[in-house]
Amino acid sequence: MKEIKTKGISPSELPQIDLVIVSSGYEKRSTFIAIKLRGCLNDSTIKLCCGFNSNKDNIQRKRNDKLFEKLGFEYIEGSGDDDHFMEALLNRVIEKSFSQFQSINVLIDYSSMTRLWYASLLRCLYYSNYNLAINIYFAYSFAKYHPPAKNIVQNIHVNPIDGYSQFSIPDKPTALIIGMGYEAERAYGLTEYFDAETFLFYNDNSKEEEFVKDVERLNNDLIKIIPPERIYKYPISDLEYLERILYDLCKSLLDKYRVVIAPCGPKPFTLISLLISLRLNNVDVWRISPGDTRNQITRTPNGEILIYQVRI
Amino acid sequence: MTKLDIYESFNARYLSFEDIARTFIANSQFEQLLGNNHTLLMGPRGSGKTTLLKMLTPLSQYYFSKYNNSKNWDLQFLAIYIPTDIQWKRQIEIFNKHLSYPQNIIDNFPRFLVTNNILICLLNTFEQIININSDFSSNDAILYQETQLCTQLINSWNIEKPILPSLNSIKQALYKRLQFGNTLLKKFRYEPNFQLDSLPDYFYQDYFDLILLGCTDFGNVFKEYRNAKWALCFDELEISPDWLQHELIQKFRSIDQRFIFKLTTSPLVSIVDKLSMKTLEIEAREDEDYRVVRTWNYNLKGEIEWNSFGEKLLTQKFQRFFDNDRKPIDVFGSDEETRNLSKNFSKLKVQERSNLSNSPYAKGNYYYVLFKELAYIDETFRYFLIHKGIDPSNPFPHSDEQLDQIFRKILPIAIFRFAYKKANKSIRSRKNPGLYYGLPMIYELCDGNPRFLIGLVDALLLSTNENASKLKITIQQQSIMIHDFSKKYLDLIGSHPDSNREIYPNKFLNLGTLLKEIGSYFSSKMLRENFIMDVFSTFVIDANVPDKIVELIELGVHLGAVIYLDPKTVVSSEGLRDKKFRLSYLLHPTFSLPIREFKSVKLSTILKKGKHEKISDQLTFSL
Amino acid sequence: MSVIKIAVISDMHCMHSLSEKPVGHISTYLHSDDIGKSEARHPIKALKKLIEKEELETDLILCPGDITNFADKQGLITGWSFLEKIQDKIGAKHIIATVGNHDIENRNENVGNVFLDLQLLDPEYPNPSKLNDSNYWSLGYCFVEYENILVLNINSCFFQSNAVTAKKSKIDISQLEAIKNELAKKDLKKFEYRMVLIHHHPIAHSNMDYEDIDKLDNGDELIALVNQYKFQIIIHGHKHDARLTIFNSLPIFCAGSFSSLMNVIDMKSDNTFHIIYLESGESKGYIKSWIYAPQEGWVSRKDTRFPCLTGFGFKGDLNLLAREINDWLMASVLPNVSYYEKLLSSFPDLNFLTKENQMELAGILKNTYGLEFSPNYPNKPDVILKLIT
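Nothing here was measured: the structure is a model prediction, and the numbers come from that model. (Residues numbered from 1 in each chain as written. Chains lettered and ligands numbered in written order. Predicted model: local features only at pLDDT ≥ 70, side-chain atom pairs only at ≥ 80, totals over all residues.)

Before going further, it helps to spend a moment on the overall build of chain B. For chain B, the helix and strand inventory stands at 23 helices and 14 strands. Counting over 623 residues, chain B shows a buried share of 42%. Taking as baseline every contact in chain B between residues at least 6 positions apart, the subset at least 24 positions apart corresponds to 74%. (Helix = DSSP H or I, 4+ residues; strand = E, 2+ residues; numbered from the N terminus. Buried ≥ 20, exposed ≤ 12 C-beta atoms within 10 Å, placed from the backbone. Contact = placed C-beta atoms within 7 Å.)

Written out as structure tokens, the structure is:
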């Protein structure tokens, strides 16, 4: 197992970036980080924009594509459900452009990516045997509050994420850690599905009070039946704390349970879940996704950026 | 009362053997399971199968005697509990889809997993027996015997050396094999040039050979068990790999006599191979080679037994959580129709009791008033009565034959229809008329499922802020809560991750939507359309139902949302086709249906609504 | 030989949640405004539960400082009251605390007397009021004498009063001289138990992520001095990474942090609570430790960074010990197998093996005699068995 070192940093602490990977979709915030942090990019920075092969006619999407083109990004298209797309892309780029380097700094804006995409990037960086040190900066742009959509989305994809799951013996019951979002009922069915002891994680009020209220309201049925000691609220901007508490919890649970994390809410929680899975090796992270039935919300950036440095 | 007080885990999966034993209530299903024969224990989720199976284990038996100061059942076998779970199932399914692994890995890895699981369960059982024999204290002689046993097991199972002769070390060695297997898969996945000359021998071991050797070794060391019979208790067979399900059922006839199987599974086992769609040859015959124990209610006998069990379960719960000796019946009351009707009809309409006969159907009594009132607001019901030779303004039975063949049959329909019509007379309000209440009905609603019962009672108790000593929940409150619980249960079914099937290209159907469609059909026929006596509340899966919908119904059966009726066949080559089902009674309140079984209709009729050949587009969604 | 039991609760970093900086950051498990809805999720409530469950009792509680975080007043008041509650629960006669750098506003030159709040906090802080502690504030150290116990309590923050001095810790040569003179005058024979309590580390305590810049200046001199007067152990805090080091035969025990999340994440250290079992008259004993697990409370666990059971003071020959163990096992009625507790009663020195000793002994037993503990050191074994090869 490789060692992983993580640290939350501010945008001003970002070094010069050698490779930046962003995604282009229907969200307004897709381009925010590329613009805001362009000071860390220089002429030699390899800039890749991964566009989803769906919703290409969406007006915001077209604007995003144009802007990335203007900023000098190379455009590559792929499916948001394709687990191997990012992996193939990264391998190609590193072999082609960085094989002579000792170390590189990679900035990944995962704000608008699907979980499979940034999971795939992290997995690739963890398992591959590149002959160079890679410093990864996962950047996330917070969105302004948007009320939850009224229609219920189904859980279409409920699968372990490749690279973040391994076989274990069912001699212990399952502990299910759900990172809750505000799409109604997505989390509710999971407890029954896994027949598990459930632990809930969601944001505390430190950033977006309205969002938290929505989460509590829409997941009230589940929150009501889970004992309070199994409910964890975390500050979304303190990923080090989240990583610590999730790590400690998983370690505690592993004695008596098989642990599955099902991140349904904010992407930073998913990122931390993936890191925990790589650290602890026998914690599964499952993808719980509505697929293309997801509600298309054009999230607008609120100006804040969260950066998490990962060194493998 | 807080949720800390009330909510307790009723999921046997994460209860310890001790907890299970401490709260165990024996029933006739358990008595049947004790038999010295192969048994298929069949039932939906939450119906108590895991509890019953775990209760067979040496450790549960030990704790049961301890907590009950009584001799436990005289088991003729030593039970080895072997679990599985959905996490595993899903991982194996995904593994099977991976075409990039070498053939020897594809062929042998799932078997290797199953074998590893079984061996660890066997070791756990040995550990239980050893601990019980030493009464959980340090005992040198028994420690020495353990090392002797482990020395033999290490040789019999070819465990990697050097190793300590302890059960824990052997378990660690098995976990290490699993770790090796996982690492191997990762290497194939992430190292493009990785080659493996050959798999270690343990990938090819047969689980049953190893069980045989292990139990023989145990008997050689612990001589009092030399002639012991062993029961292999495989839980949740329906989520085990298909090949294992079929192998185990096949083994009913051919297995060594020292072993019996106790298998739990869904209410119906399909022996159609899902890949080849061929029917598998099963030689074993029910009653000859194996017994079937069903854990859901499908006949009157089952209902009576369930009510008795439910009574004990709730009494135990109440004793644990209430200081006084408040009984469930005190809190929920009876389910007599008159409790509802007395609230519906003012005293003016019901004459003084002293002048009436005891029969509620008699002139002037509650049912009489009900029929009369319904005939007044429901024209089609009035015509029905007239057609049957009954005066709508004076509807009472003139003979016993009329009472049995008409009045008793129409009563439940009339109550619900009246409530529905009354609620819908005023278009704005849809008040719940309080149709679901009373302890006997609560038992019925739960269809023999202890998990439903505990969940429902918890919700009912938590809905009130009353002091425990005074607690009595009105029929209105009960009805509202039951209705909410029913709706939430339906939502839960709909949000189950497996509940979506692609029935036509890019057209998905959700199980929740399907059940809603079925329930609404019955509800419409019963409450909204012209009054008929022979209403529907059950359905048959006919040949015209698409396979994917049958799969959804199968999921519904497994989850307990759909109940298999007249279960004469348990192992079937036709799967669910031509079999009769109904919605779980727990779903009936969502559709305002009475807790009763009525006639049957073809499922394709419900789905097509008589209009199109295809399933209605409104039911499906696209990605 | 008699034994005393000392509970060690260090670096609590208790504070009010609104004092966290930046906003939204969480640096400790112990917020003074956390009423603790769940026992397991509140370190103090969880500790009380542990004490009750395992019927723990100690003679003393030592707190090597940093009760609060960034001199948060509420944290200081609540943190101290938590210690008193634990004292009550565990039956300890006294709490002896010492000042940590987070207990004072040592970077603000306008404060004046940085120790004022602490001096006013409680008569029982940092030393029991019945036992003289006026020297502590004026000289930067004092001796706490209680029955046959002698504690040298050193204020390693004594010289910290501004942003520059706050970065360093030291014990002055004049202080060392004064300590030496006092020790020379004492009748030390009556003190069977002698220990040093200090916040900062007297020896290097480096780690991969932080430069070690605030080691106690003249720490080696201090060690030499207390060694000369046969002190048995030095207990300190400050570094949130529990560690036991034997330096010139003297055990230097860093207690780690009870509840802080700072500088614990990077090293993946656990939050720890300890009880030291100290033999009289010798630098010999063992330490039982529990780690804090958010869902479970305080637990003993295998394979922790700091072992849940570790000893110190073994001075014998490990090869000889291994041979004796082997001979004893071979001669047993049931050869080659024994419960560890039984082995311990014949070889009590096993209790006093450090982690390094344990690993060495385990190696000798395995390689020379084919014997192994299960579970193996540094975890607490249940049995010893002969390997099958």
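For the rest of this paragraph, the subject is the interface of chain C and chain A. Each partner contributes residues to the interface: chain C has 14 residues there, and chain A has 15 residues. Within the side of chain C that touches chain A, the residues separate by chemical class into seven nonpolar, four polar and three charged. (Nonpolar A, V, L, I, M, F, W, Y, C, P; charged D, E, K, R; others polar.)

All names here are of chain A. Across its 14 residues, helix α9 (residues 267–280) extends 20 Å between first and last C-alpha, which sits within 8% of the 20 Å expected from 1.5 Å per residue. A large share of α9 lies buried, amounting to 12 of its 14 residues. If you check which residues of α9 are buried, you get K267, P268, F269, T270, L271, I272, S273, L274, L275, I276, S277 and L278. Directly beyond the C-terminal end of α9, a positive phi value near 70° is found at N281. (Expected span 1.5 Å × (residues − 1).)

Turning our eyes to something else, we now look at the packing of helix α7 (residues 318–330) of chain C against helix α9 (residues 355–369) of chain C. Residues and elements named next belong to chain C. Running from N to C, α7 and α9 cross one another at 50°; their axes reach a closest spacing of 9 Å. One element, α7, and the other, α9, form an angle in the oblique class. Note on packing geometry: the crossing formed by α7 with α9 is right-handed. The segment α7 lies against α9, with L318, N319, L321, A322, I325 and N326 engaging N357, E360, L361, I364, L365, T368 and Y369. (Axes fitted to C-alpha atoms, helices over the stretch in contact; angles between N-to-C directions. Parallel < 35°, antiparallel > 145°, perpendicular 65-115°, else oblique. Left-handed = near helix turned anticlockwise from the far one by under 90°.)

For the rest of this paragraph, the subject is the sheet that holds strand β9 (residues 197–203) of chain A. Taken in spatial order, the six strands line up as β7-β12-β11-β8-β9-β10 (chain A) in an open sheet, and their pairing is mixed. Where the open sheet ends on each side, the last strands, each with one partner, are β7 (157–160) and β10 (231–234) of chain A. The sheet shows a mean angle of 20° between the axes of neighbouring strands, direction not considered. Pairing analysis gives five bridges linking strand β8 (residues 174–179) of chain A to β9(A), with the strands arranged parallel. Each bridged residue has a counterpart across the sheet, and for A175(A) the counterpart in β9(A) is E197(A). Strands in contact with helix α6 (residues 86–97) of chain B are β7, β8 and β11 (258–263) of chain A; relative to β7(A), the strand with the most contacts, it is inclined by about 85°. (Pairing = 2+ DSSP bridges.)

Residue and element names in this part refer to chain C. When cut into domains, chain C gives domain 1 (3–312) and domain 2 (318–386). For domain 1 and domain 2, the distance between their C-alpha centres works out to 34 Å. For the side of domain 1 that touches domain 2, the secondary structure elements donating two or more residues are β10 (243–247), β13 (285–293) and β15 (309–312). Examining the composition of the side of domain 1 that touches domain 2, we find that four residues originate from one element, β15, more than from any other. Residue classes in the side of domain 1 that touches domain 2 are distributed as seven nonpolar, three polar and three charged. (Domains from an automatic or database assignment.)

Relative orientation and spacing of two packed helices are given, respectively, by the angle between their axes and the distance between those axes. All names here are of chain C. The geometry of helix α1 (residues 43–54) relative to helix α2 (residues 73–90) is characterised by a closest axis approach of 10 Å and an angle of 10° between their N-to-C directions. Considering their axes alone, α1 and α2 lie roughly parallel with respect to each other. Residues I44, L47, K48 and I51 of α1 form the contact with α2, whose own contacting residues are F82, K85, I86, K89 and I90. Looking at the contact of α1 with α2 residue by residue, the class counts come to six nonpolar, no polar and three charged.

Turning next to the interface of chain A and chain B. Tallying the contact residues gives 34 residues for chain A and 35 residues for chain B. Mapped by element, the contributors of at least two residues to the side of chain A that touches chain B are β7, α5 (188–194), α7 (220–225) and β11 of chain A. Ranked by residue count, the leading element in the side of chain A that touches chain B is α5(A), at five residues. A class-by-class count of the residues in the side of chain A that touches chain B yields 14 nonpolar, 10 polar and 10 charged.

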